Amino acid sequence: MTSPAVSITVADAVWEQIKSSRSASDDHLSILHFLFGRNLERATRIVDQGGVRKVSAAPSGRSFFLVVGESKRKEEYICFPEHHCTCYSFFYDVVNRGEHLCCKHQIAARLAEAVGEVVEVEVSDEQLATMLSKL
């Protein structure tokens, strides 16, 4: 079994390749599917449905993503793709049980940004702070 550190390094290299070409080849998707499994499939559905927004604050430039879930309630989760997501799966499957490298929302945010399918939203630093204070 591949170590999580190696898997993350491989994934980061693939994300960079996708970002530089603004498209994901079959080879890219195959590697990501090997690393992330069903979460990649779920993430691609979220991206295809336009479910990823990048919220950027001015003038600081700080940002995070809002990613729509797949449940009927269509909740939005605050997501820092390389570090944290507010969804239950992140806490339970990634942090607690260590079964996944990241959740589908983190994958969706990285994929959407890499292929240019993210909806950009600009807010003030104060608005961003208010959004984050609700965590």
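Predicted, not measured: the structure shown is a model, and the values here were computed from it.

**Student:** Would you take a moment to explain the sheet that holds strand E2 (residues 63-68) for this structure?
**Tutor:** Each strand in a sheet pairs with another by means of backbone hydrogen bonds, the pair being arranged parallel or else antiparallel. The five strands lie next to each other as E4-E3-E2-E1-E5, forming an open sheet whose pairing is mixed. Two strands in the sheet have a free side with no partner beyond their single neighbour: strand E4 (84-85) and strand E5 (119-124). As judged from the six bridges shared by strand E1 (residues 52-58) and E5, these two strands associate in the parallel manner. Paired with Ser56 across the strands is Glu122, a residue of E5. Helix H5 (residues 104-115) rests against E1, E2, strand E3 (76-80) and E4 of the sheet, and its axis sits at about 115 degrees to E2.

**Student:** Looking at this structure, how should I read unusual backbone geometry?
**Tutor:** As a rule of thumb, non-glycine residues mostly have phi less than zero, and peptide bonds are mostly trans rather than cis. Cis geometry is found at the peptide bond from Ala58 to Pro59, where omega equals 10 degrees. One can find Pro59 in the loop between E1 and E2. Although it is not a glycine, Arg22 adopts a positive phi angle of roughly 60 degrees. Among the structural elements, Arg22 can be located in the loop between helix H1 (4-21) and helix H2 (26-36).

**Student:** Just checking my understanding: could you explain helix H4 (residues 88-96) for this structure?
**Tutor:** Here H4 has its buried residues at Phe90, Asp93 and Val94. Each buried residue of H4 lies within a common arc of 110 degrees when the element is viewed along its axis, so the set occupies one face. Facing away from the buried side of H4 by more than 90 degrees, the exposed set consists of Tyr88 and Phe91. Looking at the packing, one finds that the buried side of H4 touches E4 and H5. Phi turns positive one or two residues past the end of H4, at Gly98, with a value near 65 degrees.

**Student:** Any chance you could explain a nonpolar patch on the surface here in plain terms?
**Tutor:** Among the surface-exposed residues, Val6, Val10 and Ile31 lie close enough to one another that they form a single nonpolar patch of about 200 Å² accessible area. With respect to the element layout, Val6 can be found in helix H1.

**Student:** In this structure, what is going on with the pattern of salt bridges? I would like to understand it.
**Tutor:** Charged atoms that come close allow side chains of opposite charge to pair. Evaluated as defined, the whole model comprises eight salt bridges. Two residues, Arg53 and Glu76, come together in a salt bridge whose shortest N-O distance is 2.8 Å. One end of the pair, Arg53, is in strand E1; the other, Glu76, is in strand E3, with 23 residues separating them in the sequence. Among the residues examined, Arg53 registers a relative accessible area of 28% and is labelled partly exposed. Asp93 serves as the salt-bridge partner of Arg97, at 3.9 Å between the closest nitrogen and oxygen. Arg97 sits in the partly exposed class, given a relative accessible area of 38%. Each of Asp12, Glu82 and Arg110 takes part in salt bridges that share partners, so that together they form one network.

What counts and how
Residues numbered from 1 in each chain as written. Predicted model: local features only at pLDDT ≥ 70, side-chain atom pairs only at ≥ 80, totals over all residues. Heavy atoms only, no water. Pairing = 2+ DSSP bridges. Helix = DSSP H or I, 4+ residues; strand = E, 2+ residues; numbered from the N terminus. Contact = heavy atoms within 4.5 Å. Axes fitted to C-alpha atoms, helices over the stretch in contact; angles between N-to-C directions. Buried < 20%, exposed > 50% of the residue type's maximum accessible area, 1.4 Å probe, protein only. Arc of directions from axis to C-beta. Patch = residues over 30% accessible without salt bridge, like charges linked within 9 Å, V, L, I, M, F, W, Y side chains within 5 Å. Areas by Shrake-Rupley, 256 points an atom, 1.4 Å probe, with all protein chains shown as cover. Salt bridge = Lys/Arg side-chain N within 4 Å of Asp/Glu carboxyl O.

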